[in-house]
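# Coordinate inspection notes
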Number of protein chains: 2
Amino acid sequence: MEADVCKRLGGNLKRLRTAAGRSQEDFAHDADIHRTYISDLERGARNPTIRVVDRLAKALGVSMGDLLD
Amino acid sequence: MEADVCKRLGGNLKRLRTAAGRSQEDFAHDADIHRTYISDLERGARNPTIRVVDRLAKALGVSMGDLLD
DNA sequence: ATGTGACTGAGAGTCCGTG
DNA sequence: CCACGGACTCTCAGTCACA
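Residues numbered from 1 in each chain as written. Chains lettered and ligands numbered in written order. Predicted model: local features only at pLDDT ≥ 70, side-chain atom pairs only at ≥ 80, totals over all residues. Heavy atoms only, no water.

Where an unreviewed UniProt entry is consulted, chain A appears under the name Helix-turn-helix domain-containing protein, with the organism given as Novosphingobium pokkalii.

Next up on the list: the packing of helix H1 (residues 5-19) of chain A against helix H4 (residues 50-60) of chain B. Contact geometry of H1 of chain A with H4 of chain B gives a least axis separation of 9 Å together with a crossing angle of 110 degrees. As the angle between them shows, H1 of chain A and H4 of chain B are arranged roughly perpendicular. On H4 of chain B, the residues touching Val5, Cys6, Arg8 and Leu9 of chain A of H1 of chain A are Ile50, Arg51 and Asp54 of chain B. Taken together, the residues of the contact of H1 of chain A with H4 of chain B sort by class into four nonpolar, no polar and three charged. (Axes fitted to C-alpha atoms, helices over the stretch in contact; angles between N-to-C directions. Helix = DSSP H or I, 4+ residues; strand = E, 2+ residues; numbered from the N terminus. Parallel < 35°, antiparallel > 145°, perpendicular 65-115°, else oblique. Contact = heavy atoms within 4.5 Å. Nonpolar A, V, L, I, M, F, W, Y, C, P; charged D, E, K, R; others polar.)

Counted by the stated rule, this structure contains 14 salt bridges over all chains. A salt bridge links Arg8 of chain A to Asp54 of chain B, with the shortest nitrogen-to-oxygen separation between them at 3.8 Å. Of this pair, Arg8 of chain A sits in helix H1 while Asp54 of chain B sits in helix H4, on two different chains. Of the charged contacts in the structure, one is a salt bridge between Arg22 of chain B and Asp30 of chain B, with a shortest N-O distance of 2.8 Å. By relative accessible area, Arg22 of chain B is classed as partly exposed at 24%. (Salt bridge = Lys/Arg side-chain N within 4 Å of Asp/Glu carboxyl O. Buried < 20%, exposed > 50% of the residue type's maximum accessible area, 1.4 Å probe, protein only.)

The subject of this paragraph is the nonpolar core. Soluble globular proteins tend to bury their nonpolar side chains together. Core analysis: the largest hydrophobic core is formed by 42 residues, its most contacted members being Leu56 and Leu67 of chain A together with Leu56, Leu67 and Leu68 of chain B. Once residues within four sequence positions are removed from consideration, Leu68 of chain B is found in contact with Ile50, Met64 and Leu68 of chain A together with Val5, Arg8, Leu9, Asn12 and Val53 of chain B. (Core = buried A, V, L, I, M, F, W, Y, C linked by side-chain atoms within 4.5 Å.)

With that out of the way, let us pick up the protein's contact with DNA strand C. Looking at DNA strand C, there are 21 residues lining it, with Arg35 and Arg43 of chain A together with Tyr37, Arg46 and Thr49 of chain B nearest. Backbone atoms, meaning sugar and phosphate, form 51% of the atoms of DNA strand C found within 4 Å of the protein. Contact between DNA strand C and Tyr37 of chain B: a phosphate oxygen at 2.4 Å from a side-chain N or O atom of the residue. The side chain of Thr49 of chain B places a nitrogen or oxygen atom 2.4 Å from a phosphate oxygen of DNA strand C. Elements supplying a minimum of two residues to the surface near DNA strand C: helix H2 (24-31) and helix H3 (35-42) of chain A together with helix H3 (35-42) of chain B. The leading source of residues in the surface near DNA strand C is H3 of chain A, at four residues. A per-class count over the surface near DNA strand C returns four nonpolar, nine polar and eight charged. (Near = heavy atom within 4 Å. Polar contact = N/O pair within 3.5 Å; in protein donor to acceptor, adjacent residues only side chain to side chain.)

Below, the structure is given as structure tokens:
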């Protein structure tokens with residue numbers, strides 16, 4: 001446990017996005033975030049602000065806790 | 001509802017911190033975050049990264065969802 | 001369809017203060 | 001004890017070309 005927050009977010013994001021059957025490109029469009037930025041996030045390579053996470057959560061229809069906890 | 005994420009975090013943070021009976025300064029020290037930044041966060045005046053929120057949650061002994069949802 | 005390095009403007013986060 | 005400001009450094013947001 002205690003994986004880095006960014007890795008945790010990345011894993012949750014990838015899991016929830018693929019579970020919804022959406023590509024990074026399509027999802028990026030819905031969340032209004034650049035395609036390569038989504039790629040970075042899923043790899044845990046970025047430390048995003050809560051405003052970005054808020055957009056991710058809304059585009060997925062989940063809570064922020066679902067992405068971060 | 002639908003308040004800005006930063007305002008939501010600010011309200012939750014202030015509520016949970018005061019419920020724990022701690023001053024901003026003491027709490028800032030425990031979370032290893034500058035005291036003025038805690039003040040800014042509680043007023044919803046900043047858009048922090050998830051690493052900062054993670055430290056806040058740990059210092060309070062709550063989940064990130066408790067602070068953000 | 002996704003991963004990655006590089007880039008720039010904007011803003012995250014720190015530290016000095018004051019009322 | 002807290003709100004708020006100014007000034008600073010360093011990282012994030014957002015984008016591109018290319019693999």
